[in-house]
There are 2 protein chains.
Amino acid sequence: MRQRVISSLVGLLLLAVVYLFLDTLVLNIVIGAIGVIAVLELLSAVKCSKYRGLSVLCVAISVTIPFAQETAVRRIMPQLMFFYIGVFFLILLKDHQKLRVEQASMMFFFSLFVPIFFACAVFIRNRFGPVIGGFYLLWALGSAWLSDTGAYFAGRAFGKHKLAPLISPKKTVEGAVGGVITSTVFMLLFALLFDLGMNAVGTPVRMNYLWIALFTPFFSIGGMLGDLSASVIKRQYGVKDFGNIMPGHGGVLDRFDSVLFTLPSVFIIVEYVSVTAFL
Amino acid sequence: MRQRVISSLVGLLLLAVVYLFLDTLVLNIVIGAIGVIAVLELLSAVKCSKYRGLSVLCVAISVTIPFAQETAVRRIMPQLMFFYIGVFFLILLKDHQKLRVEQASMMFFFSLFVPIFFACAVFIRNRFGPVIGGFYLLWALGSAWLSDTGAYFAGRAFGKHKLAPLISPKKTVEGAVGGVITSTVFMLLFALLFDLGMNAVGTPVRMNYLWIALFTPFFSIGGMLGDLSASVIKRQYGVKDFGNIMPGHGGVLDRFDSVLFTLPSVFIIVEYVSVTAFL
């Protein structure tokens, strides 16, 4: 437990540093690094790291995606993706005797959708700037992590009915409900703090608390689906954790599996619904 | 052989009809239909058709992609893709006991990249209009099919050295060279005809024959790589043909596997190099 708390503090410290440089390429670089580590963890979990050539290609794709909207990369993005797909098929042809099409497809699929989901953090920042965008990012992180924590304690206190016994035997329906409530209550509080804080520094914002109360439960459930999806992968390949980069928490994916789903959820919603904006 | 020729003529007739309506949604619809059939053939070849829910999702994605640039669809494209990915993970969670992650990933991967590659036909038309775009489309089809035919006859006449004995034992290096030469020569002739024809009807074009001579060999080789990639899939899953929708030719994918690679190749190149344009 002590190790777990220390890891959390180190993680939050890193998060604070990124937050300070939210309006710079630091965010793209950090998201790129998280994406690469997550993809490598996934490839290792599904026993595909041994395909060296394809793994290198997966890393190249993961590194590219968080920079997809930067002017220099944006212009050559279609060409880059075309090149990557071409290399993919050349590797498949070269290694066709040992590399199965389904493994190769899975590797390409992972190295597309995991980095794209993480890169939603960059896309949100690009679209809304570091202040409003920063709030949205913390909404995504908060919905996921406050759910996890709330579900853990609510499950321990009231847990009776198993949520998905075959996928994740410790999760309970009561825990899930507790997670949804916890994250919604704390996100409303956080929104209030942000609102008051922005007012105090002289740049007031309009804050729609109804949208926060309405969408946080959905993001919370989305995070749980991400968590369960990651568990399905671990279970099918007989892996306990994706890694051990954060002692006590496991790999990057073990900590970010729920965030992986809340980031795109927030990105899609705030495109339609103006939750907060400068007055 | 007779059956094969009749099938070809029917195919060319259909192609001519599409060409007449090239500037309408007929192209999108036909490309959508080809994409759906190709994806279903692929899913059946890799023994994944039995996963009904996911197959329906794959069809939905395949149908959507050729309309991605149409105003009504374009606006909701990110939301649609997000919805599809959400459904993908819900199905994975629901069927996690029988559906392997690698099979699910492969199905999603196929239903993305096959329709996107085919949809390049629509994107070329949208970008360059029916006349110039139509020429580029015939460049893609011609590079692929003239290669196939040239390689067949050159291989029969001069074939000595196997090209890829484990993947496609009948292909020879001599055939491949013959295919490249045949497609290049015929595409130059076709470009000349197009040039003269446009002049004759009073809407002259500028035609850069050097680019035609330079890029057709690449498209020809790209088509062969598509053909070989399809063969790897068939070989790994012990399938002879992808289908029998075109008697004597096999399935849609057996005929379009090389086109699948020349279409995006042409799309990427003509974005950079102005091969032909109205004067």
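Residues numbered from 1 in each chain as written. Chains lettered and ligands numbered in written order. Predicted model: local features only at pLDDT ≥ 70, side-chain atom pairs only at ≥ 80, totals over all residues. Heavy atoms only, no water.

S.K.: It is not clear to me how the overall build of chain A should be interpreted in this structure. Could you clarify?
M.R.: Within chain A one finds 10 helices and two strands. Taking 279 residues into account, the globule formula puts the C-alpha radius of gyration at 19 Å, and chain A, at 20 Å, falls close to it. Principal-axis analysis of the C-alpha atoms gives chain A an extent of 60 × 50 × 35 Å. Taking all contacts inside chain A whose residues are at least 6 apart in sequence as the whole, residues at least 24 apart take part in 75%. Summing over all exposed atoms, chain A offers an accessible surface of approximately 12,800 Å²; the carbon and sulfur share of this is 71%. (Helix = DSSP H or I, 4+ residues; strand = E, 2+ residues; numbered from the N terminus. Rg over C-alpha atoms; globule rule 2.2 N^0.38 Å. Contact = heavy atoms within 4.5 Å. Areas by Shrake-Rupley, 256 points an atom, 1.4 Å probe, with all protein chains shown as cover.)

S.K.: Looking at this structure, I do not really get the environment of P169 of chain A. What am I missing?
M.R.: Among the structural elements, P169 of chain A can be located in the loop between helix 6 (101-158) and helix 7 (173-200). Discounting chain neighbours no more than four positions away, the residues touching P169 of chain A are K162, A164 and R235 of chain A.

S.K.: Help me out: how do you make sense of the interface of chain B and chain A in this one?
M.R.: It is common to give the size of an interface as the accessible area that goes away when the parts come together. With 40 residues of chain B at the interface, the matching set in chain A holds 40 residues. Each partner contributes to the roughly 3,700 Å² buried at the junction of chain B and chain A, and carbon and sulfur atoms together form 75% of this total. Across the contact surface, chain B and chain A share zero salt bridges. Between chain B and chain A we count 12 residue pairs in polar contact (both at pLDDT 80 or more) in total. Elements with a contribution of two residues or more to the side of chain B that touches chain A: helix 5 (77-94), helix 6 (101-158), helix 8 (209-236) and helix 10 (259-272) of chain B. Per element, the largest residue contribution to the side of chain B that touches chain A is 10 residues, and it comes from helix 6 of chain B. (Buried area = accessible area lost by both parts, 1.4 Å probe. Salt bridge = Lys/Arg side-chain N within 4 Å of Asp/Glu carboxyl O. Polar contact = N/O pair within 3.5 Å; in protein donor to acceptor, adjacent residues only side chain to side chain.)

S.K.: Even after reading the chapter, I still don't get a nonpolar patch on the surface, so can you show me in this structure?
M.R.: A surface patch of nonpolar side chains, about 770 Å² in accessible area, is lined by L163, V173, V177, I181, V185, F186, L189, L192 and L196 of chain A. On the secondary structure map, F186 of chain A appears in helix 7. (Patch = residues over 30% accessible without salt bridge, like charges linked within 9 Å, V, L, I, M, F, W, Y side chains within 5 Å.)

S.K.: What's the story with the packing of aromatic side chains in this structure? I'm lost.
M.R.: Centre-to-centre distance and the angle between the planes together describe a pair of aromatic rings. Scanning the model with the defined rule gives 48 aromatic pairs over all chains in all. Judged by centre distance (5.1 Å) and plane angle (85°), the ring pair of F88 of chain B and F89 of chain B falls under edge-to-face. Classification of F89 of chain B by relative accessible area gives buried; the value is 5%. The ring of Y237 of chain B has R100 of chain A sitting right over it, with the charged end atom 4.9 Å from the ring centre. (Phe/Tyr/Trp six-rings, centres within 6.5 Å; stacked < 30°, edge-to-face > 60°. Buried < 20%, exposed > 50% of the residue type's maximum accessible area, 1.4 Å probe, protein only. Lys NZ or Arg CZ within 6 Å of the ring centre and 35° of its normal.)

S.K.: Teacher, can you tell me more about the packing of helix 10 (residues 259-272) of chain A against helix 5 of chain B here?
M.R.: Helix-helix packing: each pair is described by the crossing angle between the helix axes and the interaxial distance. Helix 5 of chain B packs onto helix 10 of chain A with a crossing angle of 150° between their chain directions and a minimal axis gap of 11 Å. Viewed along their axes, helix 10 of chain A and helix 5 of chain B adopt a mutual orientation that is roughly antiparallel. When you trace helix 10 of chain A past helix 5 of chain B, the crossing you get is left-handed. When helix 10 of chain A is examined against helix 5 of chain B, the residues F261, P264, S265, I268, E271 and Y272 of chain A are found in contact with a partner set consisting of P78, Q79, F82 and F89 of chain B. Per-class residue counts for the contact of helix 10 of chain A with helix 5 of chain B are seven nonpolar, two polar and one charged. (Axes fitted to C-alpha atoms, helices over the stretch in contact; angles between N-to-C directions. Parallel < 35°, antiparallel > 145°, perpendicular 65-115°, else oblique. Left-handed = near helix turned anticlockwise from the far one by under 90°. Nonpolar A, V, L, I, M, F, W, Y, C, P; charged D, E, K, R; others polar.)

S.K.: Would you mind showing me how to read the pattern of salt bridges here?
M.R.: Between side chains of opposite charge, pairing is possible as soon as their charged atoms come close. All names here are of chain A. Per the stated rule, a full pass over the model turns up 14 salt bridges over all chains. In this structure, K94 and D95 form a salt bridge, with 3.0 Å as the shortest nitrogen-oxygen distance. Under the relative-accessibility criterion, K94 is labelled exposed at 65%.

S.K.: Where do I start with the relation of the copies chain B and chain A in this structure?
M.R.: Each of the two chain copies can be generated from the other by rotation about an axis followed by a shift along it. Superposing chain B onto chain A takes a rotation of 180° combined with a translation of 0.0 Å along the rotation axis, leaving an RMSD of 0.0 Å. The relationship between the two copies is best expressed as a two-fold rotation axis. (Least-squares fit on C-alpha atoms with pLDDT ≥ 70 in both.)

S.K.: Please explain the packing of helix 5 of chain B against helix 6 of chain B as it appears in this structure.
M.R.: All names here are of chain B. Across the interface, helix 5 lies against helix 6 with an axial gap of 11 Å and an inter-helix angle of 160°. Taken together, helix 5 and helix 6 sit at an angle that is classed as roughly antiparallel. Taken as a pair, helix 5 and helix 6 cross one another with a handedness that is right-handed. Between helix 5, through M81, Y84, I85, F88 and L92, and helix 6, the contact on the second element is made entirely by V101, A104, S105, F108 and L112. In terms of residue class, the contact of helix 5 with helix 6 is built from nine nonpolar, one polar and no charged.

S.K.: Can you help me understand the confidence of the model for chain A in this one?
M.R.: Note that predicted coordinates carrying low pLDDT should not be read in detail. In this model, chain A carries an average pLDDT of 95, and 100% of its residues clear a pLDDT of 70 or more. Across the interfaces of the predicted complex, the ipTM metric reaches 0.92, alongside a pTM of 0.93. (pLDDT = per-residue confidence, 0-100.)

S.K.: Looking at this model, I keep getting lost on the nonpolar core. Mind explaining?
M.R.: Note on soluble globular proteins: their nonpolar side chains tend to be buried together. In terms of nonpolar packing, the biggest core is built from 175 residues, with F110 and W139 of chain A together with F110 and W139 of chain B touching the most fellow members. The contacts of W139 of chain A, once residues within four sequence positions are left out, are M187, W211, I212, F215, T216, F219, V266, V270 and V275 of chain A. (Core = buried A, V, L, I, M, F, W, Y, C linked by side-chain atoms within 4.5 Å.)

S.K.: What is the right way to read the side chain of Q236 of chain B from this model?
M.R.: Tracing the sequence through the fold places Q236 of chain B in helix 8. Owing to a relative accessible area of 16%, Q236 of chain B belongs among the buried residues under this scheme. Leave out the neighbours within four places in its chain, and Q236 of chain B touches H96, L99, R100 and V101 of chain A.

S.K.: Got a minute to help me understand helix 8 of chain B in this structure?
M.R.: Because an α-helix packs 3.6 residues into every turn, residues spaced three or four apart end up facing the same way. A rise of 1.5 Å per residue sets the reference length of helix 8 of chain B, with its 28 residues, at 40 Å; its end C-alpha atoms lie 41 Å apart and thus fit the reference within 8%. Of the residues trailing helix 8 of chain B, G238 of chain B is marked for its positive phi of about 60°. (Expected span 1.5 Å × (residues − 1).)

S.K.: Honestly, helix 6 of chain B in this entry has me stumped. Any pointers?
M.R.: Residues and elements named next belong to chain B. Counted at 1.5 Å a residue, the expected span for helix 6 with its 58 residues is 86 Å, but the 46 Å between its end C-alpha atoms falls short. Along helix 6, the sharpest kink reaches roughly 130°, centred on G129 and followed within four residues by the proline P130. Here helix 6 lies mainly inside the structure; 42 of its 58 residues are buried. (Bend = angle between axes of the 7 residues up to and from the residue.)

S.K.: When you look at the side chain of T184 of chain A in this model, what are you seeing that I'm missing?
M.R.: All names here are of chain A. Looking at the secondary structure, you find T184 in helix 7. By relative accessible area, T184 is classed as buried at 11%. If near-sequence neighbours (up to four positions away) are discounted, T184 is found in contact with A213, T216 and P217.

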